[in-house]
Amino acid sequence: MEKMTNNLVQYAMNFTNDSMHTSLCLQFPAKTIAAACVYLAGQFAKVRPVGGKEWLGVLDCHDVEAIASICLQIMEMVEEKKGSHSEAFKGIRVELEKIRQENTGGDAIPERDAKRPRV
């Protein structure tokens, strides 16, 4: 249990550090970015909250669009910079799309487009 917690914390810190290489701090409040990093870390480490709860409920974050946008920007940056984790991120994209559809009835999250301008 301790190792799982340490991995979760380490991944969250890594994603938070990665977010500093983007313009996320100009787009979203710090609390929302932090929640997205913890969500992303939980998904990446394959850790689920206890009691059958969902990450967004545990993190008390109701802005699914913001969480999805933040996670996508971090994942794109990490993939471009480090060229790794593509398979793990693919599963996280699917999960984000599912949550987004359930909570907002919104459109599907677009696949990464290399021609799309970076913000």
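In this report, the structure presented in the accompanying data block is examined. For every chain, the first residue of the written sequence is number 1, and numbering continues from 1 onward in sequence order. Predicted model: local features are reported for residues with pLDDT of at least 70 only, side-chain atom pairs are reported and counted for 80 or more only, and whole-chain, interface and lining totals are derived from all residues. Calculation of side-chain values draws on the structure's entire complement of heavy atoms; hydrogens and water are dropped beforehand.

### Some remarks on the overall build of the protein
Helices and strands together make up the secondary structure of the protein, namely 6 helices and 0 strands. A run of H or I in DSSP becomes a helix once it reaches four residues, and a run of E becomes a strand once it reaches two; helices and strands are each numbered from the N terminus. Taken from N to C terminus, the helices and strands of the protein fall in the order α-α-α-α-α-α. Burial statistics for the protein: of 119 residues in total, 41% are counted as buried. Sequence-distant contacts in the protein: of pairs separated by 6 or more residues, those separated by 24 or more amount to 65%. Surface exposure here means Shrake-Rupley accessible area, sampled with a 1.4 Å probe, where a residue is shielded only by the protein chains that are shown. Accessible surface computed for the protein: about 7300 Å², of which carbon and sulfur atoms make up 56%. Exposure classes here rest on a 1.4 Å probe applied to the protein chains alone. A residue is buried below 20% of its type maximum, exposed above 50%, and partly exposed in between. Whether two residues are in contact is decided by their heavy atoms: any pair within 4.5 Å suffices.

### Section: the packing of helix H1 (residues 2-19) against helix H3 (residues 30-44)
The geometry of H1 relative to H3 is characterised by a closest axis approach of 8 Å and an angle of 130° between their N-to-C directions. By the angle between their axes, H1 is oblique relative to H3. With respect to the hand of their crossing, H1 and H3 are arranged in right-handed fashion. Between H1, through Leu-8, Tyr-11, Ala-12, Phe-15, Thr-16 and Ser-19, and H3, the contact on the second element is made entirely by Ile-33, Cys-37, Val-38, Leu-40, Ala-41, Gly-42 and Phe-44. Amino acids outside the nonpolar list (Ala, Val, Leu, Ile, Met, Phe, Trp, Tyr, Cys, Pro) and the charged list (Asp, Glu, Lys, Arg) are all regarded as polar, and Gly is one of them. Residue composition of the contact of H1 with H3, by class: 10 nonpolar, 3 polar and no charged. Every angle, taken between N-to-C directions, lies between 0 and 180 degrees, and every axis is a line fitted to C-alpha atoms, over only the stretch in contact when it is a helix. An angle below 35 degrees is read as roughly parallel, one above 145 as roughly antiparallel, one from 65 to 115 as roughly perpendicular, and any other as oblique. In this scheme the handedness of a crossing depends on how the near helix is turned from the far one: anticlockwise by less than a right angle means left-handed, clockwise means right-handed.

These figures come from the coordinates and say nothing about function on their own.
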